[in-house]
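Structural features, examined
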Amino acid sequence: AMNPGRYRPGPPQRREGTSASWKGAVFMKKELSALKPLFILLPLLVLGFVLFWTLFGGTLSKDFQFKSAPSEQFTQEEIQGAADVVLRRFKYGFSGCTMTKLQYVDAYASSDTWNWAAKYNADEGVVFHSTFTTDDFFAPKNGFNPNDTYAYQWYVARSNGGHWKIVNLGQG
């Protein structure tokens, strides 16, 4: 005998007002709502990263000086282009540091007598000397001594008049 309160196997009962597409929409809505935190969090992370490097990257001092000697090999625009590459790298890679001076040294430019750029598969190269100071918070996290002054050399090279690239840098 059948008990009327028990479950009866058989085809699924369709409720009024439901459809397969509506069920799919609910499922899709649930999936999207599960991703909602990601849609909010990802832009915030990107914004935070950009703000961090903007606020806490390397900076130029108020009395920053860029010195450039006349060059027989390069125009002032070419030298400035190479200097911009150095300054960009400093800004995004030297948090907690403040550059006080950047100087182009024509005597160290790659030449026929000292073609150091060839070592980096380039045919032109320039050298900059810089001086920068460090803070006591961010700079030590990047391997620098706190509250110190550093003298760095930046070797910047290119081939066939292309884009300048830093090929070597460090104390010297």
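Our subject in this report is the structure included herewith. (Residues numbered from 1 in each chain as written. Predicted model: local features only at pLDDT ≥ 70, side-chain atom pairs only at ≥ 80, totals over all residues. Heavy atoms only, no water.)

1. As for the environment of Thr59
Worth spelling out the cut-off: Secondary structure follows DSSP: runs of H or I at least 4 residues long count as helices, runs of E at least 2 residues long count as strands, and numbering of each begins at the N terminus. What makes two residues a contact is simply this: any of their non-hydrogen atoms within 4.5 Å. Any pair of N or O atoms that falls within 3.5 Å is considered a polar contact. Within protein, one atom must be able to donate a hydrogen and the other to accept it, and sequence-neighbouring residues count only if both atoms are side-chain atoms.
As for its placement among the helices and strands, Thr59 is situated in strand S1 (residues 59-68). Sequence separation between Thr59 and Ser95 is 36 residues; the distance between their C-alpha atoms is 7.9 Å. When sequence neighbours within four positions are dropped, the list of residues in contact with Thr59 reads Phe90, Cys97, Thr98 and Met99. In this structure the side chain of Thr59 is engaged in a polar contact, spanning 3.3 Å, whose partner is the side chain of Thr98.

2. Examining helix H2 (residues 76-93)
Put simply, the rule reads: Multiplying 1.5 Å by the residue count of a helix minus one yields the expected span of that helix. Using a 1.4 Å probe on the protein chains alone, a residue whose accessible area is under 20% of its type maximum counts as buried, one over 50% counts as exposed, and one in between counts as partly exposed. What the arc describes is the spread of directions from the helix axis to the C-beta atoms.
Taking 1.5 Å per residue as the helical rise, H2 with its 18 residues ought to reach 26 Å, and the 25 Å between its terminal C-alpha atoms agrees with that figure. The complete set of buried residues in H2 reads Ile79, Ala82, Ala83, Val85, Val86 and Phe90. Considered in projection along H2, the buried side chains sweep an arc of 145 degrees and stay on one side of the axis. Contacts from the buried residues of H2 go to S1, strand S2 (97-104), strand S3 (124-134), strand S4 (149-158) and strand S5 (165-171).

3. Concerning the side chain of Ser130
The residue Ser130 is located in strand S3 in this model. With near-sequence residues (within four places) excluded, Ser130 lies in contact with Met99, Lys101, Leu102, Tyr150, Ala151, Tyr152 and Trp154.

4. Remarks on unusual backbone geometry
The phi dihedral of Asn121 falls on the positive side, at around 55 degrees, and the residue is not glycine. When you line up the elements, Asn121 lands in the loop between S2 and S3. Judged by its relative accessible area of 72%, Asn121 is exposed. Phi is positive for Asn160, which is not a glycine, with a value near 50 degrees. Here Asn160 lies in the loop between S4 and S5. Residue classification places Asn160 among the exposed positions, given a relative accessible area of 73%.

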